[in-house]
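Summary of the model geometry
In case you want the letters, here they are:
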Amino acid sequence: MLTRRSVLQTKAQEFADCIRRLGSLPKESFDESRRALSSKQLMGEIEQCNKELQKLGHVNKKALDQFQSFNEQRDKLIDRRDEVEKAEESIRSLIEHLDLKKDEATERTLTAGGAMERTFKGIAKHFTEVFRELTMQQLSGGQKTMVALCLIFAIQRCDPAPFYIFDEIDANLDAAHRSSLAQMIERQASRVNEESGDPEPTQFITTTFRPELIHTGDKFYGVTHRNKASTIKSISKADALRIISEDQNRQRQHA
C-alpha cells in the first residue's frame, strides 16, 4: 500500500507539472463527476489524453491564456473606443454650437461696431470744431488741463488701465483744483467694481512740485541731477514736502 501510495503521488506530481505547462484549462476540465471514477478509469482517460496530445504535435500550450487575455484587451479597447467616439461627437456638437454663436456675435459686433465707430468719429470731429470755435481760444492753461483730465478720467472709468503716468499735470492748476485732482486720483487708485464689488485698483505715477498730490500719495521718490546724471531714491512724505517747500522758497526769492 505504501509503495502504491508513493507511485500515485509521483504520478500526481507529474500530472500537475503537465497541467502547469498546458496553461489554463477550460471549465469542463474541473468536472466534479470525475471524483467518482476509479483510479483505473482515470488512468485510462489520462492515457487517452496523452495519445490525443501526441497527435497534435508541437503547439503553443499558452495559446488559450493568450486568447483569453487578448479577448479581454479587445473588449476594453472597444469600450474605450465607444467612449472616445461619444466624447468626440459631444465635442463636435459643442464646437458647432460655439461657432454658430461666435458668427452671430461677430455679425452683431461688426454691425454695431461699424455704426459706433462712424458715430464716434463724427462726434469727435464736430466736437473739436465746435469746442475750438466756442471756448478753446478763451481757456486758460489750467482750464485746458481740467478739460483734458476730465476726458482721461472718463476713459479710465470706462476702460481702466493698470497704471498711468502724469508729468506735472498740476503745473497750471490753482490750489483748489490741485486738491480736487489729488482726491480724484486717490479715489481712482482704490476703485471698486460696481457690479461685482471686487477691487480694481489703478496705479498712478505723477511728478509734481506742488504739495497737494504729496498729501494723497503713499510712495515717494526724490530725483536729483548731479554731474550730468539723474539719481532716484525712495524718500518719506515729510522729506517730499520739505523738498517742495524749499523749491517754492527758492522760486519766491528768485522772483
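Preceding this paragraph is the structure being described.
Owing to the predicted nature of the structure, the values given are computational and were not obtained by experimental measurement. (Residues numbered from 1 in each chain as written. Predicted model: local features only at pLDDT ≥ 70, side-chain atom pairs only at ≥ 80, totals over all residues. Heavy atoms only, no water.)

On to the packing of aromatic side chains. A complete count under the given rule lists five aromatic pairs for this structure. Taking the centre distance of 5.4 Å and the plane angle of 15 degrees together, the rings of Tyr164 and Phe204 count as stacked. Of the two residues, Tyr164 is situated in strand β1 (residues 163-167) and Phe204 in strand β2 (residues 203-207); the sequence distance between them amounts to 40 residues. Each member of the pair, Tyr164 as well as Phe204, is classed as buried. (Phe/Tyr/Trp six-rings, centres within 6.5 Å; stacked < 30°, edge-to-face > 60°. Helix = DSSP H or I, 4+ residues; strand = E, 2+ residues; numbered from the N terminus. Buried < 20%, exposed > 50% of the residue type's maximum accessible area, 1.4 Å probe, protein only.)

A separate point is the pairing of strand β3 (residues 220-226). Bridge analysis of β3 against strand β4 (residues 229-235) gives seven bridges, and the strand direction is antiparallel. Paired with Thr224 across the strands is Thr231, a residue of β4. Linking β3 to β4, which pair antiparallel, is a turn of two residues; within it Asn227 sits at a positive phi near 55 degrees. (Pairing = 2+ DSSP bridges.)

A few words now on helix α5 (residues 175-189). With 15 residues, α5 extends 21 Å between its outermost C-alpha atoms, agreeing within 8% with the 21 Å of an ideal straight helix rising 1.5 Å per residue. Burial in α5 covers these residues: Arg178, Leu181, Ala182, Ile185 and Gln188. Each buried residue of α5 sits inside an arc of 130 degrees when the element is viewed along its axis, so together they form one side. Residues of α5 that are buried sit in contact with α4 (141-158), β1, β2 and α6 (211-216). (Expected span 1.5 Å × (residues − 1). Arc of directions from axis to C-beta. Contact = heavy atoms within 4.5 Å.)

It is worth spelling out the packing of α4 against α5 at this point. Direction vectors running N to C along α4 and α5 enclose 10 degrees, while the axes themselves pass 12 Å from each other. Comparing their axes, α5 and α4 come out roughly parallel. Across the interface between the two elements, Met146, Leu149, Phe153, Gln156 and Arg157 from α4 touch His177, Leu181, Met184, Ile185 and Gln188 from α5. For the contact of α4 with α5, the class distribution of residues is six nonpolar, three polar and one charged. (Axes fitted to C-alpha atoms, helices over the stretch in contact; angles between N-to-C directions. Parallel < 35°, antiparallel > 145°, perpendicular 65-115°, else oblique. Nonpolar A, V, L, I, M, F, W, Y, C, P; charged D, E, K, R; others polar.)

Here the focus is the layout of surface pockets. Taken as a whole, the second largest pocket spans an internal volume of roughly 1,200 Å³. Looking at the second largest pocket, it is lined by 34 residues, and the ones nearest its centre are Thr206, Ile214, Lys219, Phe220 and Tyr221. Looking at the lining of the second largest pocket, the elements that each hand over two or more residues are α5, β2, α6, β3, β4 and α7 (237-254). Examining the composition of the lining of the second largest pocket, we find that seven residues originate from one element, α7, more than from any other. (1 Å grid on protein atoms, 1.4 Å probe; cavity = no way out; pocket = protein on both sides within 12 Å on 5 of 7 lines; lining within 4 Å. Points joined across faces, edges and corners; volume = space filled by probe spheres on them.)

What follows covers a nonpolar patch on the surface. On the surface, Phe163, Ile165 and Ile205 cluster together into a nonpolar patch covering about 300 Å² of accessible area. Mapped onto the fold, Ile205 is located in strand β2. Look at Ile205 and you get partly exposed, because its relative accessible area is 38%. (Patch = residues over 30% accessible without salt bridge, like charges linked within 9 Å, V, L, I, M, F, W, Y side chains within 5 Å. Areas by Shrake-Rupley, 256 points an atom, 1.4 Å probe, with all protein chains shown as cover. Salt bridge = Lys/Arg side-chain N within 4 Å of Asp/Glu carboxyl O.)

Before going further, it helps to spend a moment on a negative patch on the surface. On the surface, a cluster of negative charge is contributed by Glu96, Asp99, Asp103, Glu104 and Glu107. Relative to the assigned elements, Asp99 resides in helix α3 (residues 63-136). Residue Asp99 is classed as partly exposed on the basis of its relative accessible area, which comes to 33%. (Lys, Arg positive; Asp, Glu negative; His and termini not counted. Charge placed at Lys NZ, Arg CZ, Asp CG, Glu CD.)

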